Structures are given as C-alpha cells and as structure tokens.
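# Per-entry structural report
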Amino acid sequence: MKDKLKNNQGQELDVKTSDLDTVIDANKNLYDKLNKLPEIEALEAIVLDEEIEDTSADKSHPFLKIFNKLHGLYIENELVRYAAWSIVLILISTSALTIVEYDMFKESVTDHVGDTFIFGGDQPNWLDTFFHTFWWSIVTFTTVGYGDVSPVTHLGKFLTIIIMLLNFGVVTLLGGAVASVLVAQRLTGDDTLDENKFNGHLVIAGWNSYVPSILKLIDANQDATDVVILVNETDPDIIQRGLSDYERLDITHIPENFTNESTLRKAFLEKADTFMILPDNSGLLPHEQPDEDKTVLTCLTAKAISESCNVIAHVLDPENVSHLQRANANEIVIPDDHVPHLLAKHVTDPGVPQFFDDLILQEEKDKGLQEVKIPKSLIGKAHNKISAFYKFKYNWLLVGYAVRKAGFSLDDQMGESGSPLIRSMIREQLEGAGVNLTSDEHVVVEINPSDDYKIDEKHSALVLR
Amino acid sequence: MNPTAEQIQKINHFSKVPLDMCKKIASAVELQECQPKKALLTEGDTGDTMVLVFQGQVEVSKNMMVKTASGLATSRKPIIRLETTDPPPKSPPITEPTVFVVEAPAFGIGEFSLVLDDAIRTAHVHATTPVQYGILTLEDFSRIVKDNPEIGGFVYFEVAKAAVQNLATASADISNLTQAFFFALTR
C-alpha cells in the first residue's frame, strides 16, 4: 500500500512545471469567465432591491403613529384607561362648576391672587376662573380638600355631592388598577414578548458553559438568525454576566422550566427555525450532573408543539441517544464521540488533530468551515465546475456538500403497486393512528465527491474560507 | 333457457374457445335473472361453480378488520365493480359506485372453481343492478373438457393468467404492508 502511495507521489513529481502553468492559465480564463456570470450581478441587484424596499416600508404620518401608540396603550393598559376617564370626569365637573358657581369662583380668585391675573390682566377673566375651579376639582378628587374654596349655591353643592360620590368610585378603581397592574407584572414577569419579532428564530433550552461560545459563533456568522431566546431557570444576573457583547444577536431570556409546554409556547416554538436542547446546569452544584431525562422530555414536548421544528439535542450520556431518536430529534450531538478518533489520529496521522483544532476552535469571523448557498445558475452542474467557481471567484476551498434529504415517504414508496384498496387502507389506518406518512427532512454530507457528481437544488456547499 | 354460444364467447375466459365448443358450454348453463342486492358469491364459502354474468353490474367487496372510533370492527369494503357493456345493464345501479368500475362485454367470477374442487370464495359479490347470469359447475365443465380436451387449454390459460396477475398484486400488497408495518413500528 505504502509503496503504491510512494509511486503515486513519484509520478506526481514527474509532472512538468510547464504543464502546471498551462493548467493555471486555463483556470485564469475560467476565472474571468466566471466573473462574467450574470448570476452574481443578479444576486447583487436583488440584495440592493431588498434594501431599498426596507427603507421605504413605513412612512405613515408621525401624528397618526403617536395616536396609534396612545390608542394601543389605552386598549392594553388598565391603568391608562382609568386615568383617562378620571381626567375626563375632572374636566367635565370643572366645566359644570365653572358655569354654575362662576360668581363665587371669580370672587375667590380675586381674594387669593390679588391683582396679578395671568390671563385677564387686572381683572380675572373666565380662563382664570376656570383654572381656579380646576384647582378646586383636583383638591377634591385627590381627597386632599384644603377647603380654601367651596361651592355656595344649592345647585353647586348638589353637583359637588355627585362629583364627590363619583370620585369615591374613581379613586377606588384607580387604586385597584394600580395594584392589579403591579400584581400582573409580578406574575408574568416582564416577558410578554412581541410576537412579530419571533419568526425563524433560535430557541436554546438549558444553560451551561457552552452557551456563550455557541452564541459567539452564531453571532459571527452574518447569515445566521439574530433572534435568540434562552429558556432556563438560571439566575438572570448570571446569564447577563455570561453573555459578553454580541454585535448582532438580540437575546431574550425566559426564566422558566423548559420541559413545560406553556413555557415553550411562550418562546414561540411553533415559529422557531431551530430548537437546541442542552444539558441544563441551572441550579446545580459544580459536581452535580445535569438531568438528561429532561432533554428527552423536552424533545417530545417540542415535537408535539411543532412537528417541523428542527430539534438539535446535546447529550453527555450516549445511552440517551436511542431515546432521543425515538423522540424524533433531528440531530443528536454527543461531545465525546470524536475524542477516541482524535487521540488515535495523533498517532496515525500527526497534524490532523491540530488541523481540526484550528478549524473548529479558532473559528473567526468569516473564516473556517462554512455552509453557503450555491448560486441558482450552477444548480445541475457537476462538482468540478462548482469547485472551480468557489476557488476562483472567492478563493474558497470546496470540501463537500450538505444535502437536505427529504424524509422517507410511505406514499412515494408504495407508488401505484399492489391493489388500491390495500394502499388506501394502509393510509387510512396509519393516519387514524396519528402516524405521519412522511418522516422528517434531514441533512447528510457528501465529502469530496467525484468530479462528475451532479448538484441539485437540495445541495449547499461546505467551503473552507 | 340456455345462453347463446356468442354470449359465452364474450366472456374473457372463453374468448379463445371456438364457437362450436362455446355451444357445448352454453348447453350446460342455465340463464337466470336476479334483482339488485342479491348475493352471487359469499366470502369464505366453498364452491364448485363459476358465475357467468351476461348483463348487469356487480360489486366485489371484502371483509376487513378496521379501527374505528369505537374500537376494532369488521367492515365490508368494496374493492371494485364489474359492469357488462354488451348488452349494458337494464337500469342504473342502486347506489353510486365508490370504487373503480371495470367494463367488459361480459365476465365470469369465481373462475378458480374451474380449477379447484373446493375453492374458497375470496370476496363477496352482489348485484347492484338487475343481473342476467348463468352458473357453470365444475362437474359440467370437467365433463365437457374430458370430451373436448382442446377447450381446457384455452380456458385454463386464461385462468392461469388471472391467477398470475392476482399473485403479482398480492406480493406488491405484502410489500406495501410490510413497509407500512415497519414505518409504524419505527415511529
């Protein structure tokens, strides 16, 4: 075997440098041609269009915006509602009293203020009187009751009685509303999340020392989602300290038990793109092992909420893998899986483990191994064309492909074979029993395929940048 | 009354049999009429007769164990309907077909009885329109074949063809069922 290898290497050395030059020259032409590909220009144009659309999206009148905001506040907040109505009540009572007791209040203004009237100059006019009545109203409404001024006519007193009785109710309601708003806030925490923001986001259940590193890598990749919800019962302060500054990420923390269905629904799991379940160290002492049954339970709950959600589970104990497979987890990560391999490679192929270390651990922004979409015009082409495209266009090394394999579909598998009766019976019975006739889509990788390997729209490229 | 030799020849299994021999078969068959809903064959019975349908429509159905809201239950599932085209049925069927309707000039059912002594009926067959039919017994057919051995070749070839086709469908069904079984188990 080794001899053969040596022979091969020997043959490679025989290749003349002039031959290599011609190959490189040929590739240079290819590079120039690839640069002329309309796809790239089209892609750039699309990106520009999107940006323009973004800026022109919301251009409504600023007053309308303020009104909408206030209206929203009025509808949502009980406290604002009561406050608004009490202000209306105060204004109505003030107006009524100003009319009924105009003389008394006008005289009282003169007594109190002396000669300097803000609105009427040397004589108090109706605005001064109104303001004075307003002062009386507030004093009465807040139950302070200075008594510096009070109605004298029977009608005025009668109106005051009605106002004070109404006021009794308003003050009680207002007090109650303040209390209820405070209690409601205490009960729900302040995590009534804005539903519109969450679509195609990432939900991470569980907290351990890996989370900050995971988030850092996601932050570095411009194409990844920037909305992240963390669900775990670790103290919010600890989480705040654990999370360093991220450039893009918008992180929300829900401090609740993630095995509960209601908690996962609160994280809008049905709209999430990916759900990551990690061994949860919340509330554990340093030597305690996380409870991995929670991971399996959470996976089951998540799949019950949304069958299509991509669930990635991380387990420390390989025994849980079969449970997770049965719970339909899309990807299962076992950290120690690669260790024996790496150790052995130190002996058999020195350099390979170091290569992995550099590749994975020291991944920087826009460096390292990445998955990128293949331009539409290249779909259907052979592997060597695509490889050349990335090499000369971006100087990336194409190492393989991630292929989204459609799940197994019983319907497709059965086709038109056998009798239609049996087929329809199988379909009816399985659907009746709640068994989905198709299994989930999953990703497989194709590493360094042969040159004529054909690429379809299910492929995306894995490149070394 | 006996059917004519031409009527016999319209039936798939006898299509290759020369007219003069069809006449001999016709003489062994008595023409009968029945009303809709009449059962012509019952699943599970043993029988040594083949039913020749000259005019009308029949429905073939099978008993199946299915899971319903109230648990497991046996229900009769229609599989296919067969209808004559020459002549067509006297009146439209009493119920609308829920399954595929296969049309043929005339057809025979229970043809395996011409091969086996005590063939077990594999499905129910009942009339969905007034049906004109005749019954050919194994005994009569065996006698005719004994006297005219060449008839046997024509008829048994057609019976064998039907049997082979059934076998192919059945093995596809088994493969589908096996797949469904594993699919359900691995969920």
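This section reports on the structure supplied with the text.

Thresholds applied
Residues numbered from 1 in each chain as written. Chains lettered and ligands numbered in written order. Predicted model: local features only at pLDDT ≥ 70, side-chain atom pairs only at ≥ 80, totals over all residues. Heavy atoms only, no water. Contact = heavy atoms within 4.5 Å. Buried area = accessible area lost by both parts, 1.4 Å probe. Salt bridge = Lys/Arg side-chain N within 4 Å of Asp/Glu carboxyl O. Polar contact = N/O pair within 3.5 Å; in protein donor to acceptor, adjacent residues only side chain to side chain. Helix = DSSP H or I, 4+ residues; strand = E, 2+ residues; numbered from the N terminus. Nonpolar A, V, L, I, M, F, W, Y, C, P; charged D, E, K, R; others polar. Buried < 20%, exposed > 50% of the residue type's maximum accessible area, 1.4 Å probe, protein only.

### Brief notes about the interface of chain B and chain A
Each partner contributes to the interface: chain B provides 16 residues, whereas chain A provides 22 residues. For the pair chain B and chain A, the summed buried surface comes to about 1700 Å²; carbon and sulfur atoms form 66% of the total. Taken together, chain B and chain A are joined by one salt bridge. With its nearest N and O atoms 3.2 Å apart, the salt bridge here joins Lys77 of chain B to Glu428 of chain A. At the junction of chain B and chain A, the tally comes to three residue pairs in polar contact (both at pLDDT 80 or more). Among the elements that take part in the side of chain B that touches chain A, helix H4 (residues 149-185) of chain B stands out by supplying nine residues, more than any other. Here the residues of the side of chain B that touches chain A are counted per class, giving nine nonpolar, three polar and four charged.

### Looking at unusual backbone geometry
Omega for the bond connecting Asp86 of chain B with Pro87 of chain B falls within 30 degrees of zero, at 0 degrees, which places this linkage in the cis form. With respect to the secondary-structure elements, Pro87 of chain B resides in the loop between strand E6 (71-84) and strand E7 (101-104). Unusually for a residue other than glycine, Phe268 of chain A sits at a positive phi of about 50 degrees. One non-glycine residue with positive phi stands out, namely Asn328 of chain A, at about 75 degrees. Within the secondary structure layout, Asn328 of chain A lies in the loop between helix H13 (320-326) and strand E6 (331-333).

### Quick look at the pattern of salt bridges
Where charged atoms from two side chains of opposite charge approach closely, those side chains can pair. Evaluation of the coordinates by the stated rule reveals 14 salt bridges over all chains. Among the salt bridges present, the one from Arg265 of chain A reaches Glu261 of chain A, with a minimum N-O distance of 2.8 Å. One end of the pair, Arg265 of chain A, and the other, Glu261 of chain A, are both in helix H11 (residues 261-266), four residues apart, so they sit about a helical turn from each other. Assessed through its relative accessible area of 39%, Arg265 of chain A is described here as partly exposed. For Arg81 of chain B, the salt bridge is made with Glu59 of chain B, and the minimal N-O distance between the two is 2.7 Å.

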